[in-house]
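Commentary on secondary and tertiary structure
The lines below spell out each chain.
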Amino acid sequence: MKVSVKYFASIREAIGQSGELVQTQAATVGALRDELIVRGGAYAQSLARGKLVRVAVAQVMRDDTAALEEGCEVAFFPPVTGG
Amino acid sequence: MAAPRVSIQHDDFDLAKECEQLRAGDDGVGAVCSFVGTVRGSGDVSAMELEHYPGMTEKAIEAMVDEANRRFDIRGVRVIHRIGELKPGDQIVMVAVTSAHRHESFEACEFLMDYLKTQAPFWKKEHTPQGAQWVDARSSDDEALKRWGIEARNG
(Lines give C-alpha, C1' and ligand atoms only; values in the text may rest on other atoms or scores of the structure.)
Protein backbone atom coordinates (compact mmCIF):
# COMPACT_ATOMS: atom_id res chain seq x y z
CA MET A 1 0.00 0.00 0.00
CA LYS A 2 0.93 3.65 -0.24
CA VAL A 3 1.16 5.93 2.76
CA SER A 4 1.95 9.62 3.06
CA VAL A 5 4.96 10.11 5.33
CA LYS A 6 5.81 13.47 6.90
CA TYR A 7 8.96 14.58 8.73
CA PHE A 8 9.36 17.52 11.07
CA ALA A 9 12.05 19.63 12.75
CA SER A 10 15.50 17.96 13.04
CA ILE A 11 14.30 14.80 11.25
CA ARG A 12 12.96 16.87 8.32
CA GLU A 13 16.28 18.72 8.08
CA ALA A 14 18.35 15.51 8.23
CA ILE A 15 16.30 13.69 5.60
CA GLY A 16 16.12 16.81 3.43
CA GLN A 17 12.39 16.79 2.71
CA SER A 18 9.17 17.41 4.59
CA GLY A 19 7.29 14.45 3.19
CA GLU A 20 7.01 11.70 0.59
CA LEU A 21 4.69 8.98 -0.64
CA VAL A 22 6.03 5.61 0.44
CA GLN A 23 5.13 2.23 -1.04
CA THR A 24 5.29 -0.17 1.89
CA GLN A 25 4.63 -3.73 3.02
CA ALA A 26 4.57 -2.59 6.65
CA ALA A 27 1.46 -3.27 8.69
CA THR A 28 2.46 -1.04 11.60
CA VAL A 29 4.25 2.26 12.21
CA GLY A 30 7.14 0.39 13.81
CA ALA A 31 7.59 -1.82 10.74
CA LEU A 32 7.48 1.25 8.48
CA ARG A 33 10.16 2.91 10.58
CA ASP A 34 12.33 -0.20 10.19
CA GLU A 35 11.82 -0.14 6.40
CA LEU A 36 12.93 3.49 6.27
CA ILE A 37 15.97 2.73 8.46
CA VAL A 38 17.03 0.04 5.95
CA ARG A 39 17.38 2.81 3.33
CA GLY A 40 20.50 3.88 5.27
CA GLY A 41 22.06 7.35 5.31
CA ALA A 42 20.07 10.11 6.95
CA TYR A 43 17.05 7.80 7.34
CA ALA A 44 19.07 5.28 9.32
CA GLN A 45 20.59 8.02 11.45
CA SER A 46 17.58 10.13 12.23
CA LEU A 47 15.10 7.27 12.76
CA ALA A 48 17.58 4.91 14.49
CA ARG A 49 16.20 2.66 17.20
CA GLY A 50 17.19 4.02 20.57
CA LYS A 51 16.66 7.56 19.34
CA LEU A 52 13.68 9.42 20.71
CA VAL A 53 11.33 9.56 17.75
CA ARG A 54 7.62 10.23 18.16
CA VAL A 55 5.01 9.12 15.66
CA ALA A 56 1.56 10.20 14.67
CA VAL A 57 -0.96 8.39 12.48
CA ALA A 58 -3.81 10.43 11.00
CA GLN A 59 -2.49 13.36 13.08
CA VAL A 60 -2.85 11.60 16.44
CA MET A 61 0.13 10.62 18.61
CA ARG A 62 0.57 6.86 18.54
CA ASP A 63 3.19 4.24 19.31
CA ASP A 64 5.00 1.70 17.12
CA THR A 65 2.13 -0.78 17.27
CA ALA A 66 -0.33 1.53 15.47
CA ALA A 67 -1.73 -0.07 12.31
CA LEU A 68 -1.29 1.50 8.87
CA GLU A 69 -4.05 1.84 6.30
CA GLU A 70 -3.94 2.58 2.59
CA GLY A 71 -3.41 6.30 2.05
CA CYS A 72 -2.95 7.18 5.71
CA GLU A 73 -0.76 10.02 6.94
CA VAL A 74 2.17 8.98 9.13
CA ALA A 75 4.52 11.49 10.74
CA PHE A 76 7.92 11.04 12.37
CA PHE A 77 9.27 13.81 14.58
CA PRO A 78 11.52 14.47 17.59
CA PRO A 79 10.08 15.05 21.09
CA VAL A 80 7.97 18.21 21.04
CA THR A 81 9.18 21.47 22.59
CA GLY A 82 6.35 23.99 22.35
CA GLY A 83 4.81 26.20 24.99
CA MET B 1 -19.58 34.66 15.88
CA ALA B 2 -17.84 33.29 18.93
CA ALA B 3 -14.04 33.40 18.95
CA PRO B 4 -12.36 30.05 18.22
CA ARG B 5 -10.98 28.11 21.19
CA VAL B 6 -7.61 27.50 19.55
CA SER B 7 -5.49 29.70 17.27
CA ILE B 8 -2.08 29.03 15.78
CA GLN B 9 -0.73 32.28 14.38
CA HIS B 10 2.31 34.34 13.47
CA ASP B 11 0.82 37.51 14.95
CA ASP B 12 1.17 38.64 18.54
CA PHE B 13 -1.85 38.53 20.87
CA ASP B 14 -3.42 40.83 23.44
CA LEU B 15 -4.12 38.91 26.65
CA ALA B 16 -6.47 41.53 28.11
CA LYS B 17 -8.57 41.59 24.94
CA GLU B 18 -8.72 37.79 24.78
CA CYS B 19 -9.77 37.51 28.43
CA GLU B 20 -12.42 40.17 27.95
CA GLN B 21 -13.85 38.31 24.93
CA LEU B 22 -13.76 35.02 26.79
CA ARG B 23 -15.98 36.27 29.60
CA ALA B 24 -18.14 38.57 27.52
CA GLY B 25 -21.82 37.70 27.83
CA ASP B 26 -21.27 35.06 30.51
CA ASP B 27 -22.17 36.46 33.92
CA GLY B 28 -21.67 33.05 35.49
CA VAL B 29 -17.94 33.70 35.31
CA GLY B 30 -16.39 34.49 38.67
CA ALA B 31 -12.76 33.72 37.84
CA VAL B 32 -10.42 34.24 34.90
CA CYS B 33 -7.04 32.55 35.09
CA SER B 34 -4.40 33.01 32.41
CA PHE B 35 -0.84 32.02 31.60
CA VAL B 36 1.53 33.62 29.11
CA GLY B 37 4.79 32.00 28.02
CA THR B 38 7.53 34.25 26.62
CA VAL B 39 10.87 33.74 24.87
CA ARG B 40 13.54 33.64 27.57
CA GLY B 41 16.63 35.68 26.70
CA SER B 42 19.24 33.09 27.59
CA GLY B 43 22.92 33.41 26.62
CA ASP B 44 23.42 34.63 23.09
CA VAL B 45 20.13 33.46 21.62
CA SER B 46 19.17 36.13 19.08
CA ALA B 47 15.97 34.53 17.79
CA MET B 48 13.72 31.53 18.21
CA GLU B 49 11.98 29.74 15.39
CA LEU B 50 8.82 27.76 16.00
CA GLU B 51 7.82 24.97 13.64
CA HIS B 52 4.58 23.00 13.95
CA TYR B 53 2.53 20.29 12.28
CA PRO B 54 -0.36 22.13 10.59
CA GLY B 55 -3.62 20.30 11.13
CA MET B 56 -2.38 18.05 13.90
CA THR B 57 -1.48 20.98 16.16
CA GLU B 58 -5.02 22.33 16.11
CA LYS B 59 -6.51 18.84 16.60
CA ALA B 60 -4.17 18.04 19.50
CA ILE B 61 -4.96 21.27 21.34
CA GLU B 62 -8.71 20.95 20.70
CA ALA B 63 -8.51 17.46 22.24
CA MET B 64 -6.72 18.93 25.28
CA VAL B 65 -9.43 21.54 25.71
CA ASP B 66 -12.07 18.79 25.53
CA GLU B 67 -10.17 16.86 28.19
CA ALA B 68 -9.91 19.97 30.41
CA ASN B 69 -13.68 20.42 30.06
CA ARG B 70 -14.23 16.82 31.17
CA ARG B 71 -11.96 17.16 34.19
CA PHE B 72 -12.77 20.61 35.48
CA ASP B 73 -15.94 22.62 35.97
CA ILE B 74 -14.89 25.43 33.66
CA ARG B 75 -16.85 27.78 31.39
CA GLY B 76 -14.52 28.93 28.61
CA VAL B 77 -11.03 28.27 27.26
CA ARG B 78 -8.85 30.23 24.84
CA VAL B 79 -5.44 28.98 23.64
CA ILE B 80 -3.17 30.93 21.29
CA HIS B 81 0.24 29.64 20.21
CA ARG B 82 2.54 31.61 17.95
CA ILE B 83 4.74 30.15 15.20
CA GLY B 84 7.53 31.49 13.02
CA GLU B 85 10.39 33.67 14.15
CA LEU B 86 10.27 35.19 17.64
CA LYS B 87 12.71 37.34 19.62
CA PRO B 88 13.68 37.21 23.30
CA GLY B 89 10.90 38.85 25.29
CA ASP B 90 8.21 38.02 22.73
CA GLN B 91 5.04 36.26 23.82
CA ILE B 92 4.83 32.64 22.56
CA VAL B 93 1.74 31.12 24.09
CA MET B 94 -1.31 32.03 26.13
CA VAL B 95 -3.93 29.95 27.89
CA ALA B 96 -6.94 31.58 29.52
CA VAL B 97 -9.71 29.77 31.38
CA THR B 98 -12.91 31.04 32.95
CA SER B 99 -14.87 29.34 35.72
CA ALA B 100 -17.36 30.17 38.45
CA HIS B 101 -14.75 29.82 41.20
CA ARG B 102 -10.99 30.29 41.08
CA HIS B 103 -9.84 26.78 41.93
CA GLU B 104 -11.13 25.17 38.73
CA SER B 105 -9.65 27.77 36.36
CA PHE B 106 -6.25 27.73 38.14
CA GLU B 107 -6.10 23.95 37.80
CA ALA B 108 -7.39 23.79 34.22
CA CYS B 109 -4.89 26.46 33.13
CA GLU B 110 -1.96 24.51 34.56
CA PHE B 111 -3.31 21.21 33.19
CA LEU B 112 -3.57 22.71 29.69
CA MET B 113 -0.01 24.07 29.78
CA ASP B 114 1.40 20.78 31.12
CA TYR B 115 -0.44 18.92 28.38
CA LEU B 116 0.56 21.33 25.62
CA LYS B 117 4.26 21.13 26.55
CA THR B 118 4.49 17.41 25.79
CA GLN B 119 1.59 16.61 23.45
CA ALA B 120 1.27 19.47 20.96
CA PRO B 121 3.53 19.15 17.89
CA PHE B 122 5.68 22.29 18.12
CA TRP B 123 9.47 22.44 17.87
CA LYS B 124 11.74 25.30 18.90
CA LYS B 125 15.00 26.15 17.19
CA GLU B 126 17.37 28.67 18.76
CA HIS B 127 19.54 30.95 16.66
CA THR B 128 22.88 32.11 18.05
CA PRO B 129 25.95 33.70 16.41
CA GLN B 130 27.46 30.17 16.44
CA GLY B 131 24.58 28.72 14.46
CA ALA B 132 21.13 27.29 14.99
CA GLN B 133 20.17 24.44 17.29
CA TRP B 134 16.98 22.52 18.01
CA VAL B 135 15.87 22.76 21.63
CA ASP B 136 15.84 19.45 23.55
CA ALA B 137 12.70 18.24 25.30
CA ARG B 138 12.79 18.33 29.10
CA SER B 139 11.95 15.24 31.12
CA SER B 140 10.60 17.57 33.84
CA ASP B 141 7.76 18.40 31.43
CA ASP B 142 6.87 14.69 31.27
CA GLU B 143 6.88 14.61 35.08
CA ALA B 144 4.54 17.60 35.19
CA LEU B 145 1.95 15.78 33.07
CA LYS B 146 2.28 12.60 35.16
CA ARG B 147 0.86 14.57 38.07
CA TRP B 148 -2.47 14.56 36.20
CA GLY B 149 -2.30 10.80 35.68
CA ILE B 150 -1.17 11.00 32.04
CA GLU B 151 1.92 9.31 30.64
CA ALA B 152 3.63 11.87 28.37
CA ARG B 153 6.23 9.67 26.60
CA ASN B 154 7.93 12.74 25.14
CA GLY B 155 11.40 13.50 26.56
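Residues numbered from 1 in each chain as written. Chains lettered and ligands numbered in written order. Predicted model: local features only at pLDDT ≥ 70, side-chain atom pairs only at ≥ 80, totals over all residues. Heavy atoms only, no water.

**Focus: the confidence of the model for chain B**
Across chain B, the average pLDDT comes to 95, with 99% of residues at 70 or higher. If you check the scores for this complex, the pTM reads 0.95 and the ipTM reads 0.95. (pLDDT = per-residue confidence, 0-100.)

**Digging into the nonpolar core**
Counting 34 residues, the largest nonpolar core has B:Ile61, B:Met64, B:Val97, B:Phe111 and B:Leu112 as its most contacted members. Looking at this core, the elements that each hand over two or more residues are β1 (6-9), β3 (47-52), α2 (56-71), β4 (74-82), β6 (91-99) and α3 (102-119) of chain B. It is α3(B) that contributes the most residues to this core, seven residues altogether. Residues in contact with B:Phe111, not counting those within four places in the same chain, are B:Met64, B:Glu67, B:Ala68, B:Arg71, B:Phe72, B:Trp148 and B:Ile150. In terms of nonpolar packing, the next biggest core, distinct from the first, is built from 21 residues, A:Val3, A:Ile37, A:Tyr43 and A:Leu68 among them. (Core = buried A, V, L, I, M, F, W, Y, C linked by side-chain atoms within 4.5 Å. Buried < 20%, exposed > 50% of the residue type's maximum accessible area, 1.4 Å probe, protein only. Helix = DSSP H or I, 4+ residues; strand = E, 2+ residues; numbered from the N terminus. Contact = heavy atoms within 4.5 Å.)

**Examining the packing of aromatic side chains**
In the structure shown here, the tally under the stated rule is 10 aromatic pairs over all chains. For the pair A:Phe77 and B:Tyr53, a centre-to-centre distance of 6.3 Å together with 75 degrees between the ring planes defines the contact as edge-to-face. Remark: B:Tyr53 occurs in the loop between β3 and α2 and A:Phe77 occurs in strand β5 (residues 73-77); the pair is interchain, linking two chains. When its relative accessible area of 0% is taken as the criterion, A:Phe77 is described as buried. Classification of B:Tyr53 by relative accessible area gives buried; the value is 1%. Cluster of aromatic residues (ring-pair linked, three or more members): A:Phe8, A:Phe77, B:Tyr53 and B:Trp123. Positioned above the aromatic ring of A:Tyr43, the side-chain terminus of A:Arg39 is 4.7 Å from the ring centre. (Phe/Tyr/Trp six-rings, centres within 6.5 Å; stacked < 30°, edge-to-face > 60°. Lys NZ or Arg CZ within 6 Å of the ring centre and 35° of its normal.)

**With respect to the pattern of salt bridges**
Taken as a whole, this structure holds 16 salt bridges over all chains when the rule is applied. Note that A:Glu20 is salt-bridged to A:Arg39, the shortest N-O span being 3.2 Å. In this pair, A:Glu20 sits in strand β2 (residues 19-23) while A:Arg39 sits in the loop between α2 (29-38) and α3 (41-46), placing the two residues 19 residues apart along the sequence. Here B:Arg147 makes a salt bridge to B:Asp114, at a shortest N to O gap of 3.0 Å. Here B:Arg147, found in the segment after α4 (139-146), pairs with B:Asp114, found in helix α3; they are 33 residues apart in sequence, far enough to count as distant. (Salt bridge = Lys/Arg side-chain N within 4 Å of Asp/Glu carboxyl O.)

**Examining the sheet that holds strand β5 (residues 84-86) of chain B**
Residues and elements named next belong to chain B. Here we have four strands laid out as an open sheet, ordered β5-β3-β7-β8, and antiparallel in their pairing. Looking at which strands have only one partner, the edges of the open sheet turn out to be β5 and β8 (131-134). The average undirected angle you get between the axes of adjacent strands in this sheet is 25 degrees. Here strand β7 (residues 122-128) runs beside β8; their pairing, made up of four bridges, is antiparallel. Paired with glutamate 126 across the strands is glutamine 133, a residue of β8. (Pairing = 2+ DSSP bridges. Axes fitted to C-alpha atoms, helices over the stretch in contact; angles between N-to-C directions.)

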